[in-house]
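# Remarks on the overall topology
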Amino acid sequence: TCVPVGIEKPFMRIVCFCIQDQKTPRSEEEFGLLLAVCEAELAKPDGIVRVSCVGGHGRTGTVLAILYGRATKSLTPIEDIRAAYCEKAVESFEQKKYVHRWLGLAEPKEDPKPLPMCMYGPCRLYVLEHKDKYCAEHTKNPPPAWMATCVNSNCYRKVAKEGDRECGPCMKGD
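This structure is a prediction, so every number in the text was calculated from the model and none was measured. (Residues numbered from 1 in each chain as written. Predicted model: local features only at pLDDT ≥ 70, side-chain atom pairs only at ≥ 80, totals over all residues. Heavy atoms only, no water.)

### Some details on unusual backbone geometry
In most cases, non-glycine residues show a negative phi, while peptide bonds are predominantly trans. In this model, lysine 73 sits at a positive phi of 65°, which is unusual for a non-glycine residue. Mapped onto the secondary structure, lysine 73 falls in the loop between helix H2 (58-72) and helix H3 (77-84). Although it is not a glycine, valine 90 adopts a positive phi angle of roughly 60°. Of note, valine 90 is situated in the loop between H3 and helix H4 (93-103). (Helix = DSSP H or I, 4+ residues; strand = E, 2+ residues; numbered from the N terminus.)

### A look at the packing of aromatic side chains
Evaluation of the coordinates by the stated rule reveals four aromatic pairs. Judged by centre distance (6.3 Å) and plane angle (55°), the rings of tyrosine 98 and tryptophan 102 are tilted. Residue tyrosine 98 and its partner tryptophan 102 are both found in helix H4; the two are separated by four residues, about one turn of the helix. Residue tyrosine 98 is classed as buried on the basis of its relative accessible area, which comes to 1%. (Phe/Tyr/Trp six-rings, centres within 6.5 Å; stacked < 30°, edge-to-face > 60°. Buried < 20%, exposed > 50% of the residue type's maximum accessible area, 1.4 Å probe, protein only.)

### Details of the pattern of salt bridges
As enumerated under the stated definition, the model contains four salt bridges in all. A salt bridge links aspartate 21 to arginine 59, with the shortest nitrogen-to-oxygen separation between them at 3.6 Å. Of this pair, aspartate 21 sits in the loop between strand E2 (13-16) and helix H1 (28-42) while arginine 59 is found in helix H2, placing the two residues 38 residues apart along the sequence. Arginine 59 shares its class with aspartate 21; the two are buried. For arginine 101, the salt bridge goes to glutamate 28, with nearest N and O atoms at 3.3 Å. On the criterion of sequence distance, the pair formed by arginine 101 in helix H4 and glutamate 28 in helix H1 is long-range, its members being 73 residues apart. Look at arginine 101 and you get exposed, because its relative accessible area is 52%. (Salt bridge = Lys/Arg side-chain N within 4 Å of Asp/Glu carboxyl O.)

### Notes on H4
Taken residue by residue, H4 has Phe93, Gln95, Lys96, Tyr98, Val99, His100 and Leu103 as its buried positions. Buried positions along H4 lie against H1, H2 and H3. Within two residues after H4, glycine 104 carries a phi angle of roughly 70°, on the positive side. (Contact = heavy atoms within 4.5 Å.)

Printed below as a string of structure tokens:
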């Protein structure tokens, strides 16, 4: 279990909370504690909360959308956060459902299947069509097969063979 870990400094409080990439918090109770800490800080006259994850999109957007929705009672918190912060905020459908459930909103409609990322790991751009392996730049100049890496956003392991989109551990869910 990953519980919020707090570090107190005279000028700031750091709270680390683990959420797996593209996923949602494992514990509603622990996530509720994180929200309580953030909302208490935001209630202060000079309160500031910074939320971040490795990519700064899915998990960050999920937390921001829930904080924003609770504070404003918005019926469109994901769209509002995407407009104000980042168009990729709240990346997965699982995250979108989580935001709606936390805020008591109607079940969201399934998004169209998102385009996968370029198989050249350091690139991290999206491909043009589902059948493509590489982004536009790397379609013109593909890297050697041995350079293909896992498409999961915080995994840079090599794939087992040409055509694989994920490395072995990610395929198994490790």
